[in-house]
Amino acid sequence: QVQLVESGGGLVQVGGSLRLSCAASGRTYTMGWFRQAPGKEREFVAAIMWSGVLSYADSVKGRFTISKDNAKNTVSLQMNSLKPEDTAVYYCASGNAPLYKASTYGAYDYWGQGTQVTVSS
């Protein structure tokens, strides 16, 4: 059983930055970030494999950076150059997903409660 707790969401202006963190209890392998805007399906944002290999959605490449601290068992998402369309609830996820499934919602077993990110224009 893995418990995930996100933090770091908030309100930011267009072009600003936010850093999300996810603290995990229990052993983790693939860690991912997803987001869900009102009226939309949950979508993949980024993932990091146990090996350190990274994966990003095209919409966030070059703006978002996922990283992990193995000693603290945390994963972070640095979000720069934020846009109004980045507004969503962001969820941390954990599972055994291989790289080719890392962007798939169903490949993850554990989810955090979500943290709201709002980008104002």
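Owing to the predicted nature of the structure, the values given are computational and were not obtained by experimental measurement.

Trainee: Hey, could you go over the overall build of the protein for me, with residue numbers and the actual values?
Mentor: A count of helices and strands for the protein gives 0 helices and 11 strands. Taking 14 Å as the expected radius of gyration for a compact globule of 121 residues, we find that the protein reaches 13 Å, a close match to that expectation. Projecting the C-alpha coordinates of the protein onto the three principal axes gives extents of approximately 40 × 25 × 25 Å. Within the span of the protein, comprising 121 residues, buried residues form 42% of the whole. When contacts within the protein are restricted to residue pairs at least 6 apart in sequence, those whose partners lie at least 24 apart make up 58%. Roughly 6,300 Å² of accessible area belongs to the protein as shown, and the carbon and sulfur atoms make up 49% of that amount.

Trainee: Lay out the sheet that holds strand S3 (residues 18-25) with the relevant residues and their values.
Mentor: Here we have 4 strands laid out as an open sheet, ordered S1-S3-S8-S7, and antiparallel in their pairing. This sheet does not close on itself; its edge strands, each paired only once, are strand S1 (3-7) and strand S7 (64-69). Each adjacent strand pair in this sheet contributes to an overall mean axis angle of 15°, direction not counted.

Trainee: If you had to explain the nonpolar core to someone new, which residues and values would you point to?
Mentor: Counting residues in hydrophobic clusters, the biggest one holds 35 residues, and the most contacted among them are Trp-33, Val-45, Phe-64, Val-75, Leu-77, Met-79 and Tyr-90. In terms of residues, this core owes the most to one element, strand S5 (residues 43-48), which gives 5 residues. Sequence-distant contacts of Met-79, defined by excluding residues within four places in its chain, comprise Gly-16, Ser-17, Leu-18, Leu-20, Arg-63, Phe-64, Tyr-90 and Val-117.

Trainee: Please provide a residue-by-residue account of the pairing of strand S8 (residues 74-79), values included.
Mentor: Pairing of S3 with S8 involves 6 bridges; the strand directions are antiparallel. Counterpart to Leu-18 in the pairing with S8 is Met-79. Note that S7 and S8 share 6 bridges and pair antiparallel. Residue pairing in the sheet places Ile-66 in a bridge with Leu-77 of S8. As consecutive antiparallel partners, S7 and S8 are separated by 4 residues, and within that stretch Asn-73 has a phi angle of approximately 55°, a positive value.

Trainee: Quick one: what's the story with the side chain of Ser-94, residue by residue and with numbers?
Mentor: Its location among the elements puts Ser-94 in strand S9 (residues 88-95). The contact partners of Ser-94, leaving out residues within four places of it in the chain, are Val-2, Leu-4, Thr-28, Thr-30, Met-31, Tyr-108, Asp-109 and Tyr-110.

Trainee: With reference to specific residues and values, describe the pattern of salt bridges.
Mentor: For the structure on display, the rule yields 4 salt bridges. Where Arg-35 meets Asp-86, a salt bridge forms, and the shortest distance between an N and an O atom there is 2.9 Å. Residue Arg-35 is located in strand S4 (residues 30-36), and its partner Asp-86 is located in the loop between S8 and S9; the two are separated by 51 residues in the primary sequence. Of the two residues examined, Arg-35 and Asp-86, each falls in the buried class. Between Lys-61 and Asp-58 there is a salt bridge whose closest N-O contact spans 3.2 Å. What makes Asp-58 exposed here is its relative accessible area of 66%. Beyond isolated ion pairs, a larger network of salt bridges with shared partners links Arg-35, Glu-43, Arg-63 and Asp-86.

Conventions adopted
- Residues numbered from 1 in each chain as written.
- Predicted model: local features only at pLDDT ≥ 70, side-chain atom pairs only at ≥ 80, totals over all residues.
- Heavy atoms only, no water.
- Helix = DSSP H or I, 4+ residues; strand = E, 2+ residues; numbered from the N terminus.
- Rg over C-alpha atoms; globule rule 2.2 N^0.38 Å.
- Buried < 20%, exposed > 50% of the residue type's maximum accessible area, 1.4 Å probe, protein only.
- Contact = heavy atoms within 4.5 Å.
- Areas by Shrake-Rupley, 256 points an atom, 1.4 Å probe, with all protein chains shown as cover.
- Pairing = 2+ DSSP bridges.
- Axes fitted to C-alpha atoms, helices over the stretch in contact; angles between N-to-C directions.
- Core = buried A, V, L, I, M, F, W, Y, C linked by side-chain atoms within 4.5 Å.
- Salt bridge = Lys/Arg side-chain N within 4 Å of Asp/Glu carboxyl O.

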